[in-house]
Amino acid sequence: MLTATQPQSVSNTRRRFDAQVVSNTSVCREHFCLTLGIDPDERGPFPATRPGQFIQLGCQPATLLRRPFSLAGRKDLAEGRVELQIVYRVVGVGTRWLAQLQAGDTTDLLGPLGNQFQLPEGKSLGLLVGGGVGLPPMFYLAEALKQAHWDAVAFVGALTEDLLAVTFGGSEPAESSGEPSLCIEEFSKLSIASAVTTDDGSVGLAGRITAGLERYFDTLSEEDRQRVVLFTCGPHPMLHAAAKLAQKHGVDCQVCLEQAMACGMGTCQSCIVQIAEPDNPQGTTEDGRPWRYRLTCTDGPVFNADQVIF
Amino acid sequence: MTKSVSQESPCLAVNLAGLKLANPMMTASGTCGYAYEYQDFVDLHQLGAFVTKSISRDPRPGNPATRIVETPSGMMNAIGLANVGLDVFLAEKLDQLKQMRQGGPALIVNVAGHSIDDYVAVAGRIAQEQEVDAVELNVSCPNVGDGLTFGTDPKLLKELIGYVRKAMRADCKLIVQLSPNVGDITLTAGAAIDGGANILSMINTYTALAIDIKTRKPRIANGTGGLSGPAIRPLAVYLVSRVYREVAQKAGVPIIGMGGIRTWSDAAEFLIAGATGLAVGTSLFADPATPVNIMAGLESYLAEQDMSSITELIGTLEMPVR
């Protein structure tokens, strides 16, 4: 939103920006943290952003199409310069190209794109559930929750320790209890405790991310449960499991979806997701739920979990 | 006589069978939504023409995911003609398009169907709108009757176009978008012209297959998809040059060239091959400003070539004599 202190010519319209690589560092096996510096264009600085939003990053000449990445963080510097942070895993041609970028290299991006996580009134305890490359938007959301004076607990999971794109520090992650502790710097710097799970038990609780979440729900007072919103991003089966758990415990759940997309702007119609819609449906599921295709890029990427047909 | 060396930019205006455009740049159907989806990223009013996505008689949800996959220098899609259908298009989308047209670009509505009746009903109705300058037929759909694809069968294509042309307002141009998935494209091009097409647009996507070697299944849920992007550009340029030289030029039917256009030099190739209009598709996904950026490049190139108008470049290809 425009504020009175900004000149009138400043445009908050999403658009294309040139970006310079500030840093591109390895976080863990196959994962990198990329910080991009963006100077204002003739219409002003890079627009305001919120957790859940993403950018379409140019990987030319390696790829024809851009690659979408959720924002993991943002810093506003002097003279309208903005630094955006993304965390990515090397999975294909585009991300392989990104991994060789060095400080000073340039690319461009479209953004900011997509909708955002909502902080509903009356709620004040956020459970941040991030699996694999679903973690980065949780870092950004954690900052927003703190600014909004919410309490928060992070649930962090991956297949193995070396695929966890986080910085361990402070406390040791609890192994058998799954008890959240100040063991991950991205969250502990905001006084947010984290419960760590790995499928192979190489760090934290052995099992799926929902195992730690389930234990946490068991310790939660009724009063606290009323304050909870579960925010999640990660692989589809994990989102589905987290959504089911939220439903079982009667708490709101917002999921941030990932889907292959060409444009990110609502035109190519490729990033479809089935969303429950009783009015004007395009189809019905086997169990009788009417649905309509919505676009991850412009209707999402954040949806209320109870509306998503998993 | 020497050409006047003027400081003015070369003229980009083109005439497509009487349809006068400020410049040859258009959006390719299906890559630019219904109207203003890209307005944050580019001033659409600078285009010569805006082409909508395909409109069908009934709303279509489209195919299940996965709908796209990127391939070397290209992408494959099987969106399944997802669109709001004729009624909602007329009620909710057309006003925006009319508004856009007032700002400059000609308005072209793309129409898809699965029977001659479908095409006649939709094209006929849309052509009733005075602001619609042209209807473009997507004929790369199978006919529900006999399963033949309209765009690959010259006889069926000619019949279809005859009916559609008669159903349309006389001064609304009929563009037929040719499919490259044929043995001899000059036959379908000729059939389209015989049927009454005013303009040809070419080419639609190439039918293609990408396989996930782990699952041994297609990477696109539909199975096959249409290949677009720079990967098909030399193929498209070749087909444009063939149709221009063998069929379209002598019939006086202009061609809208498309297929992997990303830069001004790509655009210049199509013009030299014989295209009068130029549509940008896949590259819009990476940068919606592509057609506008191309215009600046074309102006410089024409000036370098000492041409005062883009029309001087069209069809100037010198093929070796065999």
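Residues numbered from 1 in each chain as written. Chains lettered and ligands numbered in written order. Predicted model: local features only at pLDDT ≥ 70, side-chain atom pairs only at ≥ 80, totals over all residues. Heavy atoms only, no water.

**A look at the interface of chain A and chain B**
Contact residues are listed per partner, giving 26 residues for chain A and 31 residues for chain B. Here chain A packs against chain B, burying approximately 2,300 Å² in sum over the two surfaces, 63% of which is carbon and sulfur. The largest contributions to the chain A side of the interface with chain B come from L64, M265 and T267 of chain A, which together make up 29% of the buried area. E70 of chain B is the salt-bridge partner of R67 of chain A, the closest N and O atoms lying 2.8 Å from each other. (Contact = heavy atoms within 4.5 Å. Buried area = accessible area lost by both parts, 1.4 Å probe. Salt bridge = Lys/Arg side-chain N within 4 Å of Asp/Glu carboxyl O.)

**Digging into the side chain of S283 of chain B**
All names here are of chain B. Topologically, S283 is positioned in helix α7 (residues 282-286). On the basis of relative accessible area, S283 is assigned to the buried category, the value being 5%. Contact partners of S283, with chain neighbours within four places excluded, come to I261, R262 and T290. (Helix = DSSP H or I, 4+ residues; strand = E, 2+ residues; numbered from the N terminus. Buried < 20%, exposed > 50% of the residue type's maximum accessible area, 1.4 Å probe, protein only.)

**Re the confidence of the model for chain A**
Per-residue confidence for chain A averages 93 on the pLDDT scale, and 97% of its residues sit at or above 70. In this model residues 1-8 of chain A is a low-confidence stretch, pLDDT under 50, and it forms three contacts with partners more than four residues away in sequence or in other chains. (pLDDT = per-residue confidence, 0-100.)

**Looking at empty space enclosed by the protein**
Residue and element names in this part refer to chain B. Counting across every chain of the model gives one cavity of 30 Å³ or more. Counted as a void, the largest cavity has a volume near 40 Å³. In this structure, the largest cavity is lined by M26, T27, A28, S29, V51, I108, E136, I175, I256, M258 and A279. Elements with a minimum of two residues in the lining of the largest cavity: β3 (25-27) and β15 (255-258). Of the residues assigned to the lining of the largest cavity, the class counts are eight nonpolar, two polar and one charged. (1 Å grid on protein atoms, 1.4 Å probe; cavity = no way out; pocket = protein on both sides within 12 Å on 5 of 7 lines; lining within 4 Å. Points joined across faces, edges and corners; volume = space filled by probe spheres on them. Nonpolar A, V, L, I, M, F, W, Y, C, P; charged D, E, K, R; others polar.)

**Focus: helix α1 (residues 86-102) of chain B**
All names here are of chain B. Taking 1.5 Å of rise per residue, the 17 residues of α1 would be expected to cover 24 Å, and the 22 Å separating its terminal C-alpha atoms lies within 8% of that figure. A bend of about 50 degrees at K93 is the largest found in α1. Residues L86, F89, L90, L94, L97 and M100 constitute the buried set of α1. Here the buried face of α1 lies against β4 (49-55), β7 (106-112) and α2 (116-127). Count one or two residues on from α1 and you reach G104, which has phi positive near 150 degrees. (Expected span 1.5 Å × (residues − 1). Bend = angle between axes of the 7 residues up to and from the residue.)

**Digging into the layout of surface pockets**
Residue and element names in this part refer to chain B. Approximately 1,100 Å³ is the volume found for the second largest pocket. N77, N138, N204, T205 and G226 are the residues nearest the centre of the second largest pocket, which is lined by 49 residues in total. Those elements giving two or more residues to the lining of the second largest pocket turn out to be β4, β6 (74-77), β11 (206-208), β14 (225-228), β16 (277-280) and α7. Considering only residue class, the lining of the second largest pocket consists of 17 nonpolar, 30 polar and two charged.

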